[in-house]
Amino acid sequence: MQVNEYMVILGIETSCDETSSAIVSKNPEDTNAKILSHIVASSLSLHAETGGIIPEAAAREQVKFIIPVITKTLKDSNLYPPSSKNYLLSSTIYRPNIDAIAVTVGPGLIGSLMVGVETAKTLAYVWNKPIIPVNHLIGHIYANFIKNEMSFASVSLRAKSQRSEAISTVGLLRHVSYGTWLRHSVPRNNNIDFPLLALIVSGGHTDLVLMKKHGSIKWLGGTRDDAAGEAFDKIGRLLGLPYPGGPSIEKAAKNGNPKAFNFPRPMIDSNDFDFSFSGLKTAVLRQVKTIEQLSNETIVDLSASVQQAIIDVLVTKTLKAAQKYKVKSILLSGGVAANDKLRDEFRVQSSEFKVNFFAPEKKLCTDNGAMIASAAFFNYKPVPWQKLTANPELYFDT
Ligand code: KG4
Ligand code: ZN
């Protein structure tokens, strides 16, 4: 069900290593939701030290940041009277002018998910607001339905967390407000026409789905082993590049030759819409073993070549599906969608097939609360808070 009145939704996302919340509004006549305030706190730099995410460490960071992040989001939205000192815990319960709460219920890391879910349930109970469970993967798709006219804070909270176990709320908020504020104004074609194909490419998933309308999702295929982002991350580690591998490989690839190494394009011609990326990682490993000393020149060439192999597979298979299902739009989403080369190749090749191509603003490709709120406007199915549970295995209904 779609919301057919002006509404304001608080979206909460804690499925992995980002603690994020956003207040998003939508007019029924608008095709896009609009961000009123948005905070993304990432514990990524903590995981960079260990070369990957340790689930328990990620969950602990979520616990630390969830209340300060939501508090700051509420404050920035101006939905509270300016006189309010403590936005969540005033002596008389203040119910903010939001209409509903949307929260990621899965898939993701159980410990991380539970932090967002239990917080959302508590707020729904105290504020007496409806709560909408959102599938994280569907959330990624709906980052494409956000018109973002404002800047938002995206900060690494590692520096603060290193200093003390018990972070004072005031200290953290100060840290957040001193974070990097970015202004984006991306001219967008707002007409996302159905039927559409959505390709979700993240660290945990590579899925291709067909949507005939909002709420109607048909899963066409997905990865049989590693996700595209996972392949970037594992290969990045092989090349000695900083975690996460995706952005590191993209940066290195800018100076490399994509034709220097001829890596396989797994399943590019298969008669289905499945993907496989683990063989690519093995091929890179084999190649690396033949090289005595990895020079910077070789690393940039390896990066460019492997990035091209992943892009070729993603673009070719998605366009094959676009032809088969005669879609009008292709929507890219998930962390890997932040890759410029991937966006460019999709843009060029989609236009050759007369299909409109969309990708979220880069800041909205990785995990964030705004996409969760956006998904809730177009799939408005509140549940009693007592029935809400985190489900790390949640997937698409096929
Ligand atoms: O969607 P996301 O933030 O988290 C998951 O739900 O997994 O995606 C994170 C993934 C990581 O694997 C990361 O390496 C990849 O997205 N990624 C990129 C880029 N930025 C992030 N991959 C390729 N190029 C990028 N620029
Ligand atoms: Zn994600």
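Residues numbered from 1 in each chain as written. Chains lettered and ligands numbered in written order. Predicted model: local features only at pLDDT ≥ 70, side-chain atom pairs only at ≥ 80, totals over all residues. Heavy atoms only, no water.

Caption draft 1: Geometry of the overall build of the protein. In terms of regular secondary structure, the protein is built from 12 helices and 13 strands. When burial is assessed residue by residue, the protein has 56% of its 398 residues classed as buried. Entry remark: accessible area of the protein is about 17,400 Å², with carbon and sulfur atoms responsible for 52%. (Helix = DSSP H or I, 4+ residues; strand = E, 2+ residues; numbered from the N terminus. Buried < 20%, exposed > 50% of the residue type's maximum accessible area, 1.4 Å probe, protein only. Areas by Shrake-Rupley, 256 points an atom, 1.4 Å probe, with all protein chains shown as cover.)

Caption draft 2: How the structure looks around the nonpolar core. Leu197, Phe263, Phe277, Leu314, Ile330, Leu332 and Leu342 are the most contacted members of the largest nonpolar core, which totals 50 residues. Elements with a minimum of two residues in this core: strand E9 (196–201), strand E10 (206–213), helix H7 (228–238), helix H8 (245–253), helix H9 (278–289), helix H10 (296–324), strand E12 (329–333) and helix H11 (340–352). Residues within four places of Phe263 in sequence aside, it is in contact with Leu280, Ala283, Val284, Gln287, Leu302, Ser305, Val306 and Ala309. By size, the runner-up hydrophobic cluster in this structure holds 38 residues, among which are Tyr142, Met211, Ala373 and Phe377. (Core = buried A, V, L, I, M, F, W, Y, C linked by side-chain atoms within 4.5 Å. Contact = heavy atoms within 4.5 Å.)

Caption draft 3: Geometry of the environment of Ile53. As for its placement among the helices and strands, Ile53 is situated in the loop between helix H1 (44–50) and helix H2 (55–77). Residue classification places Ile53 among the partly exposed positions, given a relative accessible area of 27%.

Caption draft 4: Seen up close, the packing of H8 against H10. Closest axis-to-axis distance for the H8/H10 pair is 7 Å, and the angle between their directions is 115 degrees. With respect to H10, the element H8 is oriented roughly perpendicular. In this structure, H8 crosses over H10, and the sense of that crossing is left-handed. Contacts from Ile249, Glu250, Ala252 and Ala253 in H8 reach Val300, Ser303, Ala304, Val306 and Gln307 in H10. Residues belonging to the contact of H8 with H10 are distributed by class as follows: six nonpolar, two polar and one charged. (Axes fitted to C-alpha atoms, helices over the stretch in contact; angles between N-to-C directions. Parallel < 35°, antiparallel > 145°, perpendicular 65-115°, else oblique. Left-handed = near helix turned anticlockwise from the far one by under 90°. Nonpolar A, V, L, I, M, F, W, Y, C, P; charged D, E, K, R; others polar.)

Caption draft 5: Representation of the coordination of the zinc ion (ligand 2). In this structure, His136 (NE2), His140 (NE2) and Asp367 (OD) serve as the protein donors to the zinc ion (ligand 2), at separations of 2.0 to 2.1 Å. Here the zinc ion (ligand 2) binds four donor atoms, and the angle range of 93 to 144 degrees at the metal identifies the geometry as irregular. Look at where the donors of the zinc ion (ligand 2) fall in the sequence and you get H-x3-H-x226-D. With a gap of 231 residues between them, His136 in helix H4 (residues 136–142) and Asp367 in the loop between strand E13 (356–358) and helix H12 (369–378) connect regions that are remote in the sequence. In this pair, the class of His136 matches that of Asp367, namely buried. (Donors = N, O, S within 2.8 Å, 3.2 Å for Na, K, Ca; no water. Tetrahedral: all angles 85-135°; square planar, octahedral: opposite > 155°, others 65-115°.)

Caption draft 6: The arrangement of the site of ligand 1 in detail. Gly203, Asp233, Gly246, Glu250 and Gly335 are the nearest of the 19 residues found near ligand 1. Glu250 places a side-chain nitrogen or oxygen 2.7 Å from a nitrogen atom of ligand 1. Between Asp367 and ligand 1, the recorded distance is 3.2 Å, taken from a side-chain N or O atom to an oxygen atom. Considering ligand 1 on its own, with 550 Å² of exposed area, one finds that the protein chains cover 88% of that surface. When each cavity is represented as a set of grid points, ligand 1 is found to reside in the largest pocket. (Near = heavy atom within 4 Å. Polar contact = N/O pair within 3.5 Å; in protein donor to acceptor, adjacent residues only side chain to side chain. 1 Å grid on protein atoms, 1.4 Å probe; cavity = no way out; pocket = protein on both sides within 12 Å on 5 of 7 lines; lining within 4 Å. Sits in = over half its atoms within 2 Å of the grid points.)

Caption draft 7: Focus on the packing of aromatic side chains. Inspection of the entire model under this criterion finds 10 aromatic pairs. Both rings, one in Phe261 and one in Phe263, keep their centres 5.9 Å apart while their planes meet at 15 degrees; by these two values the pair is stacked. Taking relative accessible area as the criterion, Phe263 reaches 4% and is therefore assigned buried. Consider the rings of Phe346 and Phe357, whose centres lie 5.4 Å apart with planes at 5 degrees: the pair is stacked. Linking Phe346 in helix H11 with Phe357 in strand E13, this pair joins segments that are 11 residues apart in sequence. Both residues of the pair, Phe346 and Phe357, belong to the buried class. The structure contains a cluster of three or more aromatic residues connected by ring pairs, namely Tyr142, Phe145 and Phe378. Positioned over the ring face of Phe275 is Lys317, at 5.7 Å from the centre of the ring. (Phe/Tyr/Trp six-rings, centres within 6.5 Å; stacked < 30°, edge-to-face > 60°. Lys NZ or Arg CZ within 6 Å of the ring centre and 35° of its normal.)

Caption draft 8: Region of the structure containing the pattern of salt bridges. Using the criterion set out here, one finds 14 salt bridges in the structure. Note that Asp272 is salt-bridged to Arg224, the shortest N-O span being 2.9 Å. With Asp272 in the loop between H8 and H9 and Arg224 in the loop between strand E11 (216–222) and H7, the pair connects residues that are 48 residues apart, well separated along the chain. According to the relative accessible area criterion, Asp272 is partly exposed, its value standing at 24%. Taking relative accessible area as the criterion, Arg224 reaches 53% and is therefore assigned exposed. (Salt bridge = Lys/Arg side-chain N within 4 Å of Asp/Glu carboxyl O.)

Caption draft 9: Spotlight on H2. Here H2 is 23 residues long and its end C-alpha atoms lie 31 Å apart, about the 33 Å a rise of 1.5 Å per residue gives. Phe65 marks the point of greatest bend in H2, at about 40 degrees, and the proline Pro68 comes within the next four residues. Directly after H2, the chain includes Asn78, whose backbone phi takes a positive value near 60 degrees. (Expected span 1.5 Å × (residues − 1). Bend = angle between axes of the 7 residues up to and from the residue.)

Caption draft 10: Quick peek at the confidence of the model for the protein. When pLDDT is averaged across the protein, the result is 87; 85% of the residues are at 70 or more. Under a pLDDT of 50 for its full length, residues 154–189 has, in the predicted model, 67 contacts with residues more than four places off or in other chains. (pLDDT = per-residue confidence, 0-100.)

Caption draft 11: Quick look at the pairing of E9. With six of six residues buried, E9 lies mostly within the body of the structure. Going residue by residue along E9, you find Leu196, Ala198 and Ile200 tucked away on one face and Leu197, Leu199 and Val201 tucked away on the opposite face as well. Both E9 and E10 contribute to a ladder of six bridges, which runs antiparallel. What sits directly across from Ile200, in E10, is Asp207. Between E9 and E10, which follow one another and run antiparallel, lie four residues. (Pairing = 2+ DSSP bridges.)

Caption draft 12: Region of the structure containing the pairing of E10. For E10, the tally of buried residues reaches six of eight residues, placing the bulk of the element in the interior. Of the pairings in the sheet, the one linking E10 to E11 comprises six bridges and is antiparallel in character. Residue pairing across strands places Asp207 opposite Gly222, the latter belonging to E11. What sits between the antiparallel neighbours E10 and E11 is a turn of two residues, in which Gly215 has the positive phi angle 85 degrees.

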